[in-house]
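Chains, contacts and geometry: an overview
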Number of protein chains: 2
Amino acid sequence: MFKPTKPLSGFIELLPYQQKYFDECSNRMKKVLDSSGFSHIDLPSIERAEVLTDKDNWDEIETQMFLFQKADTKMGLRYDGTVGLSRYVAGHINDLVFPSRFYQFAKNYRGERPQHGRYREFYQLDVDILGIENLSENYDLEIILTLIESYRSIEDLIGSVKVKIGNRKFWDAFFKYLNIDDKYIRELLIIIDKKDKLKDYKNDIKDLIGEEKAFKINQVFTEGYKHFLNKDNNLDKAIFYLNNLLDKLLQLNIKNAEIDLSIVRGHAYYTGVVFEFFSDNFPELGAIGGGGRYENLVSKFSKTKIIGVGAAVGFSRLIVGLIDSNKIDLSNFKNITDIALLIMDDNCLSYGFEILSLLKKLNFSVIPYLETDKKIKNKMEFADKINAKFSVIIGSDELKNKTVSLKNMKTGKQFTLSKDSLFDFNKLEKYI
Amino acid sequence: MFKPTKPLSGFIELLPYQQKYFDECSNRMKKVLDSSGFSHIDLPSIERAEVLTDKDNWDEIETQMFLFQKADTKMGLRYDGTVGLSRYVAGHINDLVFPSRFYQFAKNYRGERPQHGRYREFYQLDVDILGIENLSENYDLEIILTLIESYRSIEDLIGSVKVKIGNRKFWDAFFKYLNIDDKYIRELLIIIDKKDKLKDYKNDIKDLIGEEKAFKINQVFTEGYKHFLNKDNNLDKAIFYLNNLLDKLLQLNIKNAEIDLSIVRGHAYYTGVVFEFFSDNFPELGAIGGGGRYENLVSKFSKTKIIGVGAAVGFSRLIVGLIDSNKIDLSNFKNITDIALLIMDDNCLSYGFEILSLLKKLNFSVIPYLETDKKIKNKMEFADKINAKFSVIIGSDELKNKTVSLKNMKTGKQFTLSKDSLFDFNKLEKYI
């Protein structure tokens, strides 16, 4: 008889106090990016289908995306921040100064069947630095530092985070050094990426390229990548790059960074550094962010060569994962009201709003209760239910005498203050 | 050959400095709502088709909405904040304390063909107070005051705003008083709502209900609504309500409010006060926000009776309209970088990031330029292009002596500071 009240499965809906936690985290991270010279851009959620995909086979991609048609135009909901950014940058090359820094904090969509911890609508924080023709590898360091600083800004809310850093160039050089045919590379990288999740990744690699080469690949993890120094010039370069990056991070007192060559990231477009962030206390969340260096991202939109290094934080996955874990204390987000302003009768309304405005100017969080016809008991109940620390009561006496009556909701103590003395309200608790 | 770089028509895409203006406005308005005890909620953009509409005729609504099907589920993109809020409140009645305050700042979607000033994707700020079974009319005043305060928080960015207030109950009583058949009411309200846009609204009304009654309706606007005092009890009540509301606003020193009974709002669900906000300097934008009181909003989701009063600000329409007018000075959003941090060679990188971190702690907006291989000329060009007020130059001398070299980009004056003296950086301008 009634329409359903639950959101569609795979869609997130938070209670107000959970949303407050979510917003506090996102606002702090955005603030770090703002103050680091990254420009916020907010791109359309809907793009032409041809922008979203190169495939002509709609049936196949429709299972993964939200696609639809209006009039003659096929379009769909964006699934990441990269496609839109590429289009945007290609369209605005002359309006921008390069290297150009961007961040997006936006909803993205996946049409796939919902699974645990995967959402069909989710916020992602995308952070990118883009250069024309070239972009110094120094910006790799900047992106990683900026992400570390962003996570640190919410460390008290989500716990500490570490970063694991790999290098696609290492594997490029290593596969060449081992004389591995190009046709195996994509599959090899996917196996290495999923190494810890696979039952027997060594066997999977052996099946692909034979025992001898598989053994050497495994040595990267058992002996360490430094084992392969002085064997190949490009390999040395890739190793030197990583050592240098880690040195620089250590010089800047960043201790929660390590080299891990099993980090290769899923996307084919990465060409250099790749990195992933993990929660120290919640390893079960998997990578809570990651990124890397890519080349020629906008080639489908423009002949200008754009090089970039970027990162994405799976924000909904992280924050909703933490909320669902029940291991985060959200009580600070539940009880946030300082004062319930209780207005006793309609004649006091204007005076009540005057007091409300005054209290807000003093930075109190105040919620007014304006059901003047209700009994005093109902009014006090409201103050209780919203967990207000104080009630401020405004009745005809208060109006007449230009005072307010104040009640400490914990102790029950009550007393009267002149309106003018409200400016000393900050000292209140000691009076009661 | 290349894919299109423009967004789909009807979709908004701003340049970084325009986005900064947009964000500054939205952040300030949201801050007012946060500090007024309104809870932010962020609902899914996609809802079941049956939640979005009561109609079974898909073909008809498909022209106005973005609808699609995944597996067996028909769904679509939300077109306003009200439908989702109704579903949310019905689903969470036991988790909420009533009266409950909410705001949403979210993208909404219209599938209609794009027209000038109408977007297919747009931000709307929705503000609502909801009560169970009843909700004092005092909350009408609170909503209007809260919206006025929100607009005022951005008055320096958008100009001043006035509010025009009407009352559906006036027309209910007036139509009864004139003995007008219920079947004409919806159409009459639509004509009154569009009164100033229609060529000859008087004639339109006359055609509908005859000359005599049309004359009386017109008298509301020519003689003023007070002309109809003491004729009908319900009419008196509706007039008294409006007078009282305006009195209260005046007592609170709100002078930019007026009664205008031609304000009736399009939606059928309003039952009491209705109001619209207009820009004083940009009347061509039309109503830039509005709302009113509604009853039994969640009746399709729950048997609990929910009464509400709410408002919506057509945020994209307002802000993009102002940007497009070219009458708003956005230079403050263009030149926001205090310092370009120019790093001369890779050996100085860690020291450079140390200085960067220091300057950010001092609340400077700093953008680093890390293309160490480029010539000094290119580095200075970058500082010029981003309109930095100062360049801070970090080279091997600076590293060795723990200093920074500083250049005022306007005067060209240059000097050297010790790293420690950076803490006095705020006094800098007087030294140069």
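As shown above, the structure is provided for reference.
Residues numbered from 1 in each chain as written. Chains lettered and ligands numbered in written order. Predicted model: local features only at pLDDT ≥ 70, side-chain atom pairs only at ≥ 80, totals over all residues. Heavy atoms only, no water.

Comments concerning the interface of chain A and chain B
- Tallying the contact residues gives 97 residues for chain A and 97 residues for chain B.
- For the pair chain A and chain B, the summed buried area comes to about 8000 Å², and 56% of that belongs to carbon and sulfur atoms.
- Summed over the three residues of chain A that lose the most area to chain B, namely Lys 3, Leu 8 and Lys 70 of chain A, the buried surface amounts to 9% of that side.
- The interface formed by chain A and chain B contains six salt bridges.
- Between Glu 149 of chain A and Lys 360 of chain B there is a salt bridge whose closest N-O contact spans 3.0 Å.
- In this structure, the connection of chain A to chain B is made through 46 residue pairs in polar contact (both at pLDDT 80 or more).
- For the side of chain A that touches chain B, the element with the most residues is helix α5 (residues 138-152) of chain A, which contributes six residues.
- Each residue belonging to the side of chain A that touches chain B can be placed in one class, and the counts come to 45 nonpolar, 23 polar and 29 charged. (Contact = heavy atoms within 4.5 Å. Buried area = accessible area lost by both parts, 1.4 Å probe. Salt bridge = Lys/Arg side-chain N within 4 Å of Asp/Glu carboxyl O. Polar contact = N/O pair within 3.5 Å; in protein donor to acceptor, adjacent residues only side chain to side chain. Helix = DSSP H or I, 4+ residues; strand = E, 2+ residues; numbered from the N terminus. Nonpolar A, V, L, I, M, F, W, Y, C, P; charged D, E, K, R; others polar.)

Considering the packing of helix α9 (residues 201-209) of chain B against helix α10 (residues 211-222) of chain B
Residues and elements named next belong to chain B.
- Two elements in contact, α9 and α10, have axes whose closest approach is 7 Å; the angle formed by their N-to-C orientations is 140 degrees. Here α9 and α10 pass one another in a crossing that is right-handed. Of the residues in α10, those in contact with Tyr 201, Lys 202, Ile 205, Lys 206 and Ile 209 of α9 are Glu 211, Lys 213, Ala 214, Ile 217, Asn 218 and Phe 221.
- Considering only residue class, the contact of α9 with α10 consists of six nonpolar, one polar and four charged. (Axes fitted to C-alpha atoms, helices over the stretch in contact; angles between N-to-C directions. Left-handed = near helix turned anticlockwise from the far one by under 90°.)

Focus on the packing of aromatic side chains
- Tallied over the entire structure, the rule returns 43 aromatic pairs over all chains.
- For the pair Phe 22 of chain A and Phe 315 of chain A, a centre-to-centre distance of 5.1 Å together with 85 degrees between the ring planes defines the contact as edge-to-face. Within this pair, whereas Phe 22 of chain A is found in helix α1 (residues 16-35), its partner Phe 315 of chain A is found in helix α12 (residues 315-325), the two being separated by 293 residues in sequence. Across the pair, exposure class does not vary: Phe 22 of chain A and Phe 315 of chain A are buried alike.
- Seen in terms of ring centroids, Phe 66 of chain B and Tyr 109 of chain B are 6.4 Å apart; in terms of plane orientation they differ by 85 degrees. Their pairing is edge-to-face. Taken together, the positions of Phe 66 of chain B in the loop between α3 (58-62) and β3 (67-70) and Tyr 109 of chain B in strand β5 (residues 100-109) put the pair 43 residues apart, joining distant regions of the chain.
- Joined through ring pairs, the aromatic side chains of Phe 170, Trp 171, Phe 174, Phe 175, Tyr 177, Tyr 201, Phe 221 and Phe 228 of chain A make up one cluster.
- Note that Lys 164 of chain A overlies the ring of Phe 278 of chain A, its terminal NZ or CZ placed 4.8 Å from the centroid. (Phe/Tyr/Trp six-rings, centres within 6.5 Å; stacked < 30°, edge-to-face > 60°. Buried < 20%, exposed > 50% of the residue type's maximum accessible area, 1.4 Å probe, protein only. Lys NZ or Arg CZ within 6 Å of the ring centre and 35° of its normal.)

What to know about the pairing of strand β3 (residues 67-70) of chain A
- With four bridges joining them, β3 of chain A and strand β4 (residues 73-77) of chain A adopt antiparallel strand pairing. Bridge pairing links Gln 69 of chain A to Lys 74 of chain A in β4 of chain A. (Pairing = 2+ DSSP bridges.)

Section: the sheet that holds strand β2 (residues 46-48) of chain B
Residues and elements named next belong to chain B.
- Spatial strand order, β2-β4-β3: three strands in an open sheet with antiparallel pairing. The strands lining the two open edges of the sheet, one partner per strand, are β2 and β3. Strand-to-strand twist in this sheet, taken as the mean axis angle between neighbours without regard to direction, amounts to 40 degrees.

Brief notes about the sheet that holds β4 of chain A
Residue and element names in this part refer to chain A.
- Spatially, three strands are ordered β2-β4-β3 in an open sheet, and the strand pairing comes out antiparallel. The open sheet has two free edges, formed respectively by β2 (46-48) and β3, since each of these has just one partner strand. The mean angle between the axes of side-by-side strands here comes to 40 degrees, regardless of whether they run parallel or antiparallel.

So, the relation of the copies chain A and chain B
- For the match of chain A to chain B, the screw axis carries a shift of 0.0 Å, the RMSD comes to 0.0 Å, and the turn is 180 degrees. The transformation relating the two chain copies, once decomposed into turn and shift, fits a two-fold axis. It is Phe 68 of chain A whose C-alpha, among those of chain A, lies nearest the rotation axis, at 3.0 Å.
- A shared interface surface links the copies, since 100% of the contact residues of chain A are contact residues in chain B too. (Least-squares fit on C-alpha atoms with pLDDT ≥ 70 in both.)

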